[in-house]
Protein chains: 2
Amino acid sequence: MIKKVVVTPWEVKGNIDYDKLIKEFGVSKLDEELLKRIKKHTKELHFFLRRNIFFAHRDLKFVLDEYEKGNKFFLYTGRAPSGPVHLGHLTVWYFTKWLQDKFGVELWFQFPDEEKFLFKQGLTFEESQKWLYENMLDVIAVGFDPKKTHFLIDTQHANLMYKEAVKVAKSITFSTVKSAFGLTDSSNIGAIFYTSMQAVPAFLPSVIKKKNIPCLIPHAIDQDTHFRVTRDALPKLGYYKPASIQGRFLPGLGGMSADGKMSSSAMNTAILSTDDAKIVKNKINKYAFSGGQTTVEEHREKGGNPDVDVSYQWLTFFEEDDFKLTKIYQDYKSGKLLSGELKAILIEKLNKFLAEHQKRREKAKNQIDKFIY
Amino acid sequence: MIKKVVVTPWEVKGNIDYDKLIKEFGVSKLDEELLKRIKKHTKELHFFLRRNIFFAHRDLKFVLDEYEKGNKFFLYTGRAPSGPVHLGHLTVWYFTKWLQDKFGVELWFQFPDEEKFLFKQGLTFEESQKWLYENMLDVIAVGFDPKKTHFLIDTQHANLMYKEAVKVAKSITFSTVKSAFGLTDSSNIGAIFYTSMQAVPAFLPSVIKKKNIPCLIPHAIDQDTHFRVTRDALPKLGYYKPASIQGRFLPGLGGMSADGKMSSSAMNTAILSTDDAKIVKNKINKYAFSGGQTTVEEHREKGGNPDVDVSYQWLTFFEEDDFKLTKIYQDYKSGKLLSGELKAILIEKLNKFLAEHQKRREKAKNQIDKFIY
């Protein structure tokens, strides 16, 4: 059975060859030399970097050069509200928090509350506003520094953003967005304009502070298309091209080739930030694709396959301790660890993580004002 | 010599057959019955109405029906800043002021300060901001009631407007703007989106006041295309289609077939709101297309042709007194009035009008804040 591999801002599916993706997208590998330079400033390397989960970049060298000259970059990431937050989103944001803490930099977090409204037929503007609120709680729960973190909400910060967006828009033709995003003559004119708004946070801090500040965008690699268009447009306005650090996808419960990356719209493939311990346990026990054998006897004899096992894959995103993770890998491969036991390890790990996240998420309800720019 | 007739939001040229335009655009004639209904409320008819200068409409009956039921309409017009204001703009605005005064209604005046920036290659955003200020002075000088007049500046009121514009945009495809405005794949994505912003003032008062209020747009008929798109989009959002009352064009100094409608970008064809008495005199004496004969003797004998004479055409827009105007028409046609004398009448009339406008324009510099919503 041949599965097609798809990686666009709207769909990620198939067994992805990340080395091939680096070539196709024209991004650079995050190599040993760059990791060493990062470590010089952060003292330790985040396990996402040690494990190659963030594996590619654009212009990271430039950002570090400027940083070392005293010109600190700022971080930019975002969330288009249209549904609940899941573990895939959280992994990128927790990594972003680590970058903020270690480099002591500002984070501009965009909530393009019109994006999904414009791209999804059935979604009303009111629904997107409900999700805006819910999603902000999750972002705050990550623990970003409120003094250094600024939420930009497209429709609420339009006085700041629209003016800059039209400057970007003037240099982008319909032909460009047609080929970049697959839009057509039947696309609505808001969807066609939208990428200009997504470009704005990449240079808005430079506008506000009246000096050119480098921008670093941590994101899953499927979003590269948006920022490729942004990178072409910004130098025409006199700003730096935004740099990026790009991550792999957290697979859905069924695994990459069945489910693609985790998605909130396919509920049985995702674990949500608000799922309670019982739901997490049930979802993983019921749906997490297993690399184990069909009987205990066979498993003990032949061992499991951690490379396709979703529980193991997820642990690479959630078990920080390399030693523990290696042991799990070996024990599962040798057959010492059964699939049910592996799932139990993951369930415990996730529920501990989510309990803490949910506690902070509850507190976040009183903190929203501190974060909105 | 056959001259092509062109009427689009960007170009108006040729000897226009307004009856044909009514059919082509699918608008309705402003007939005696409607004029009577207007007069019932305004007591007298503005000379633009008596003279058929405002000659067509969409849904004006509906607006008057609602008005008579106690549901007052609001007026909406605007100015895209990109250059100086000329007499052609002023005539529409002074007529709008008359409507405001007589019906006692609100006016929402849009300054789409991004429009011309997006559509004109050479115009910078900073230049459009300079013209925004200059143009606001002219609008205030018209004498609108500051308590009932609200300026909407697209980039400064984007917090209010962008959110509503994306709702409009969702129901307009690229195909639609392509055929309505002649945009192509090489058009920039800001220009493609723009018509959504122009639609917003037609229902923003309804959003703010949380009830459906009829909107009446006084404009020169070439702008009909924009509002045709708006009229299709608004009922999908639950708002009334905006009504309109549509005027003829004030010709440029060379006349309709040579210059088309008056335009600030062709300086020798326009009289600007800031032109002083000497400039006005020179421009008219030098450039105003004359319907007179080549020699005084010939003129006395054959008479002039007021129907092609620009000075006479302009007097239909500036001489309120029907009796005086008729006399000028007859005297010119009979040869009693010479071209130079006709020009002198116009020059005096315009300079008196402009001197008063310019005095108020000077005072307007301290009044801008009162008008900005």
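One can find the structure itself at the top, above this paragraph.
Residues numbered from 1 in each chain as written. Chains lettered and ligands numbered in written order. Predicted model: local features only at pLDDT ≥ 70, side-chain atom pairs only at ≥ 80, totals over all residues. Heavy atoms only, no water.

On to the overall build of chain A. For chain A, the count of helices and strands is 19 helices and nine strands. What you see for chain A is a C-alpha radius of gyration of 21 Å, in line with the 21 Å of a compact globule of 373 residues. Buried positions account for 57% of the 373 residues belonging to chain A. Contacts in chain A between residues at least 24 apart in sequence constitute 78% of all its contacts with a sequence separation of at least 6. Accessible surface for chain A amounts to roughly 15800 Å². Of this, 51% is attributable to carbon and sulfur atoms. For chain A, the centre of its 57 positive side-chain charges and the centre of its 46 negative side-chain charges are spaced 3 Å apart. (Helix = DSSP H or I, 4+ residues; strand = E, 2+ residues; numbered from the N terminus. Rg over C-alpha atoms; globule rule 2.2 N^0.38 Å. Buried < 20%, exposed > 50% of the residue type's maximum accessible area, 1.4 Å probe, protein only. Contact = heavy atoms within 4.5 Å. Areas by Shrake-Rupley, 256 points an atom, 1.4 Å probe, with all protein chains shown as cover. Lys, Arg positive; Asp, Glu negative; His and termini not counted. Charge placed at Lys NZ, Arg CZ, Asp CG, Glu CD.)

Turning to the nonpolar core, a few remarks are in order. By size, the foremost hydrophobic cluster in this structure holds 73 residues, and its most contacted members are Phe 193 of chain A together with Phe 193 of chain B. Discounting chain neighbours no more than four positions away, the residues touching Phe 193 of chain B are Tyr 162, Ile 189, Gly 190 and Phe 193 of chain A together with Tyr 162, Ala 165, Val 166 and Ala 169 of chain B. (Core = buried A, V, L, I, M, F, W, Y, C linked by side-chain atoms within 4.5 Å.)

The strand order across the open sheet built from seven strands is 3-4-9-8-5-6-7 (chain B), with neighbouring strands paired in mixed fashion. In this open sheet, the two strands that pair with only one neighbour each are strand 3 (28-29) and strand 7 (149-153) of chain B. (Pairing = 2+ DSSP bridges.)

The next subject is the packing of helix 16 (residues 310-318) of chain A against helix 18 (residues 339-364) of chain A. Residue and element names in this part refer to chain A. For the pair helix 16 and helix 18, the least separation of the axes is 10 Å and the interaxial angle reads 35°. Two packed elements cross with a definite hand, and for helix 16 against helix 18 that hand is left-handed. When helix 16 is examined against helix 18, the residues Ser 311, Tyr 312, Trp 314, Leu 315 and Phe 318 are found in contact with a partner set consisting of Leu 342, Lys 343, Ile 345, Leu 346, Lys 349, Leu 350 and Phe 353. Across the contact of helix 16 with helix 18, the residue classes tally to nine nonpolar, one polar and two charged. (Axes fitted to C-alpha atoms, helices over the stretch in contact; angles between N-to-C directions. Left-handed = near helix turned anticlockwise from the far one by under 90°. Nonpolar A, V, L, I, M, F, W, Y, C, P; charged D, E, K, R; others polar.)

Our next topic: the packing of aromatic side chains. In total, this model carries 59 aromatic pairs over all chains according to the counting rule given. Ring centres of Trp 93 of chain A and Phe 109 of chain A lie 5.5 Å apart, and the angle between their planes is 75°; on these two criteria the pair is classed as edge-to-face. Residue Trp 93 of chain A is found in helix 5 (residues 87-103), and its partner Phe 109 of chain A is found in strand 6 (residues 107-111); the two are separated by 16 residues along the sequence. On the basis of relative accessible area, Trp 93 of chain A is assigned to the buried category, the value being 2%. With centroids separated by 5.7 Å and ring planes inclined at 50°, the aromatic side chains of Tyr 67 of chain B and Phe 73 of chain B adopt a geometry described as tilted. Comparing Tyr 67 of chain B with Phe 73 of chain B, the two get one shared label, buried. (Phe/Tyr/Trp six-rings, centres within 6.5 Å; stacked < 30°, edge-to-face > 60°.)

For the rest of this paragraph, the subject is the relation of the copies chain A and chain B. In summary, the two copies of the chain are related to each other by a rotation about an axis coupled with a shift along it. It takes a turn of 180° to lay chain A on chain B, together with a shift of 0.0 Å along the axis; the resulting RMSD is 0.0 Å. On this basis, the relationship between the two copies can be described by a two-fold rotation axis. Counting the interface residues of chain A, we find that 100% of their copies in chain B are interface residues as well, pointing to one common contact surface. (Least-squares fit on C-alpha atoms with pLDDT ≥ 70 in both.)

Residues and elements named next belong to chain A. Burial within strand 9 (residues 243-247) is extensive, with five of its five residues counted as buried. Summarising the sheet, strand 4 (residues 54-58) and strand 9 pair through four bridges and their orientation is antiparallel. The residue bridging His 57 from the neighbouring strand is Ile 245, located in strand 9. Note that strand 8 (residues 215-220) and strand 9 share five bridges and pair parallel. If you follow Ala 220 over to strand 9, its bridge partner there is Gly 247. Note that the unit made of strand 8, helix 12 (residues 224-233) and strand 9 has a crossover that is right-handed. (Right-handed = clockwise from strand over helix to strand, strands pointing away.)

Taken together, the buried positions of helix 9 (residues 174-181) of chain B are Phe 174, Val 177 and Phe 181 of chain B. The arc enclosing the buried residues of helix 9 of chain B, seen along the axis, measures out at 70°, which places them on a common side. Where helix 9 of chain B is buried, its residues meet helix 9 (174-181) and helix 10 (189-199) of chain A together with helix 10 (189-199) and helix 12 (224-233) of chain B. Gly 182 of chain B occupies a position one or two residues after helix 9 of chain B and carries a positive phi of about 70°. (Arc of directions from axis to C-beta.)

Once that is clear, we can look at the pattern of salt bridges. By the definition in use, this model includes 46 salt bridges over all chains. We note a salt bridge from Arg 37 of chain A to Asp 65 of chain A, for which the minimum N-O separation is 2.8 Å. Linking Arg 37 of chain A in helix 2 (residues 32-42) with Asp 65 of chain A in helix 4 (residues 60-68), this pair joins segments that are 28 residues apart in sequence. The class for Asp 65 of chain A is partly exposed, based on a relative accessible area of 36%. We note a salt bridge from Asp 331 of chain B to Lys 327 of chain B, for which the minimum N-O separation is 2.8 Å. In this pair, Asp 331 of chain B and Lys 327 of chain B both sit in helix 17 (residues 322-334), four residues apart, roughly one turn of the helix. We classify Asp 331 of chain B as buried; its relative accessible area is 16%. Owing to a relative accessible area of 39%, Lys 327 of chain B belongs among the partly exposed residues under this scheme. (Salt bridge = Lys/Arg side-chain N within 4 Å of Asp/Glu carboxyl O.)

Moving on, we get to unusual backbone geometry. Phi is positive for Lys 210 of chain A, which is not a glycine, with a value near 55°. In this structure, Lys 210 of chain A sits in the loop between helix 11 (204-209) and strand 8.

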